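Residue-level listing of the chains:
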Amino acid sequence: MAALICEIVYRGIFQKNLASRIARGIVLSARKSGRWGIAFGRYGDSPQRNGIPAKDFAIVADSKEELEQNMARYEPKHVDVTICVDDTLSKGVESWAWYGLQPINRLTVPNGTVLMTSLQRFDDLLQDIHKKDAPYQLSLIRAKASFSGLWVYKEDHTEVRILGALAKIAPAFLTLDGVCGAIKEMEWGSDLKVESAKKAYARLETREVKLTEGNAEVPFSFEMPKWWEMREGVTIPAIPLGKPKEAGKGYVPERNPYFKKYTTRTMRPVVNFDTCVKCTLCWIQCPDSCFDVMPDGTYDANMESCCGCGVCEAVCPVEKCITMVNESVFEDNASQWEMWRKDKDKYHVWMTEKIGDKKATVRSHGFRFRGQYDEELKSDLDAGGVEITAGIPGENAQHKTV
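Report on the accompanying structure. What you see is a predicted model, and the numbers here were worked out from it, not measured in a lab.

## Observations concerning the overall build of the protein chain
And then number 1: The secondary structure content of the protein chain amounts to 11 helices and 11 strands.
And then number 2: Per-residue burial for the protein chain yields a buried fraction of 51% across its 402 residues.
And then number 3: A separation threshold of at least 6 residues defines the contact pool for the protein chain, and within that pool the share at least 24 residues apart is 75%.

## A word on the environment of Thr263
And then number 1: Relative to the elements of secondary structure, Thr263 occurs in the loop between β7 (205-209) and β8 (267-271).
And then number 2: Among the residues examined, Thr263 registers a relative accessible area of 2% and is labelled buried.
And then number 3: Expressed as a C-alpha distance, the spacing of Thr263 and Gln102, which sit 161 residues apart in the sequence, is 9.8 Å.
And then number 4: Among residues more than four places away in sequence, those in contact with Thr263 are Arg11, Gly51, Pro53, Leu89, Gly92, Val93, Glu94 and Leu101.

## Quick look at the sheet that holds strand β6 (residues 136-141)
And then number 1: An order of β2-β3-β1-β4-β5-β6-β7 is seen for the seven strands of this open sheet, with the pairing classed as mixed. Every other strand in the sheet has two partners, leaving β2 (36-41) and β7 as the edge strands with one partner each. The average undirected angle you get between the axes of adjacent strands in this sheet is 20°.
And then number 2: Here strand β1 (residues 3-11) pairs with strand β4 (residues 79-84) via four bridges, running parallel.

## Brief notes about the packing of helix α5 (residues 176-185) against helix α6 (residues 191-203)
And then number 1: It is the contact of α5 with α6, at a shortest axis distance of 9 Å, that shows an interaxial angle of 155°. With respect to their mutual orientation, α5 and α6 come out roughly antiparallel. As for how α5 packs across α6, the hand of that crossing is right-handed. Along its contact with α5, which presents Leu176, Val179, Cys180, Ile183 and Lys184, the element α6 presents Asp191, Lys193, Val194, Ala197, Lys198 and Tyr201.
And then number 2: Across the contact of α5 with α6, the residue classes break down as seven nonpolar, no polar and four charged.

## Quick look at the state of the cysteines
And then number 1: The final tally for this structure, using the stated rule, is zero disulfides.
And then number 2: Unpaired in terms of disulfides, Cys306 finds its nearest cysteine sulfur in Cys290, a separation of 4.5 Å.
And then number 3: Cys316 takes part in no disulfide bond, and the closest cysteine sulfur, belonging to Cys321, lies 4.1 Å away.
And then number 4: Among the residues examined, Cys316 registers a relative accessible area of 17% and is labelled buried.

## Considering helix α2 (residues 64-71)
And then number 1: Glu66, Leu67 and Asn70 are the residues of α2 that are buried. Viewed along the axis of α2, the buried residues span an arc of 100°, placing them on a single side of the element.

## What about the pairing of β8?
And then number 1: Buried residues dominate β8, accounting for five of its five residues.
And then number 2: Along β8, one buried face is formed by Met267, Pro269 and Val271 and the opposite face, lined by Arg268 and Val270, is buried too.
And then number 3: Of the strand pairs in this sheet, β8 and strand β11 (residues 322-326) are connected by five bridges, and their pairing is antiparallel. If you follow Arg268 over to β11, its bridge partner there is Val325.

## Things to note about the nonpolar core
One recurring pattern in soluble globular proteins is that nonpolar side chains are buried together.
And then number 1: Counting residues in each nonpolar core, the largest one holds 37 residues, and the members touching the most others are Ile22, Ile26, Ile83, Leu115, Ile162 and Leu166.
And then number 2: Mapped onto this core, the elements with two or more residues apiece are β1, α1 (16-32), β3 (53-61), β4, α4 (158-169), α5 and α6.
And then number 3: Excluding residues that lie within four positions of it along the chain, Ile22 makes contacts with Ile8, Ile83, Val85, Glu159, Ile162 and Leu163.

Procedures and definitions
- Residues numbered from 1 in each chain as written.
- Predicted model: local features only at pLDDT ≥ 70, side-chain atom pairs only at ≥ 80, totals over all residues.
- Heavy atoms only, no water.
- Helix = DSSP H or I, 4+ residues; strand = E, 2+ residues; numbered from the N terminus.
- Buried < 20%, exposed > 50% of the residue type's maximum accessible area, 1.4 Å probe, protein only.
- Contact = heavy atoms within 4.5 Å.
- Pairing = 2+ DSSP bridges.
- Axes fitted to C-alpha atoms, helices over the stretch in contact; angles between N-to-C directions.
- Parallel < 35°, antiparallel > 145°, perpendicular 65-115°, else oblique.
- Left-handed = near helix turned anticlockwise from the far one by under 90°.
- Nonpolar A, V, L, I, M, F, W, Y, C, P; charged D, E, K, R; others polar.
- Disulfide = S-S within 2.5 Å.
- Arc of directions from axis to C-beta.
- Core = buried A, V, L, I, M, F, W, Y, C linked by side-chain atoms within 4.5 Å.

Below is the structure:
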């Protein structure tokens with residue numbers, strides 16, 4: 001007896017429906033392939049929040065008994081395939097139920113597979129993905145992170161491309177014919193999506209990751225209090241007062257020492273301190289109180305508490321003073337204000353480079369205006385980027401070719 005265990009790591013709310021479709025698709029494809037399957041969400045990830053990493057699981061077994069044996073687990077401790085549908089999560093996962101930062105490959109078994117949607121190079125991703133004590137496979141589907149919020153579903157075929165890739169990775173459990181048969185029968189399926197699954201099967205890129213490769217940093221973690229250390233009854237301590245930044249000037253609020261929000265961001269604000277008019281709007285409107293008041297009256301987004309929601313960019317009255325940039329182009333959580341104060345010319349070069357990276361500054365989640373999706377598809381193709389369904393007749397094909 002044998003089983004295939006998959007985890008689907010996604011961003012809560014942003015990709016909830018996408019993850020559900022993938023999990024359901026795995027189960028139905030398993031049945032079409034003559035196997036048994038079940039899918040379930042991670043209880044600890046509820047309630048979901050915008051952008052907070054969350055997980056679904058899908059198990060495929062070659063017998064009903066094997067499936068029932070795996071169902072007895074609260075949560076799989078090891079998985080054969082880790083499916084990551086947002087490459088900014090390659091830096092690690094700080095989910096609702098995890099006490100610290102969990103490497104994206106933590107549950108992946110030796111010689112297992114991390115399957116990711118990304119336009120980045122293998123080597124660039126491995127600068128973020130933490131080292132593992134066993135070799136594994138890194139497989140890429142060339143695509144941007146897909147948005148599929150509660151009320152809007154971005155029909156970019158990401159769900160069926162994942163299923164097609166799984167047929168290539170684990171043919172003993174999911175056959176390509178089984179995947180295609182399941183897609184045809186789903187209410188969101190179509191002949192066009194069947195072709196997309198086949199393309200993903202044929203175009204999947206895979207590279208072995210050796211023991212020596214990956215980010216060598218130790219992930220953030222902390223000790224949970226012991227039962228004898230807990231206070232009696234239910235207590236909710238108030239947020240302690242903050243303190244001046246330096247020399248009695250500025251203000252840095254106290255923050256949660258445990259929930260760092262490292263991985264809640266898909267975008268982060270880049271601030272032009274030279275054009276900041278010190279209006280306080282970003283500081284007032286930030287829902288996570290992430291802005292520190294600097295001694296000179298400007299505002300620095302603290303990268304340990306910024307969720308990357310973009311409210312600061314939206315309320316800033318100065319054009320291009322605050323610009324949201326894709327999280328994947330940053331290597332650390334260092335203070336931008338400190339960098340600016342140390343060398344303003346060097347900071348300006350750094351800021352211009354980050355904002356000017358047109359491939360990276362494309363928003364990975366959400367739509368800011370009606371018709372943005374159509375524009376994104378066209379601009380991708382105009383730039384010679386991702387070919388989604390070019391040449392395939394059928395649903396919305398006229399919108400997906402130049």
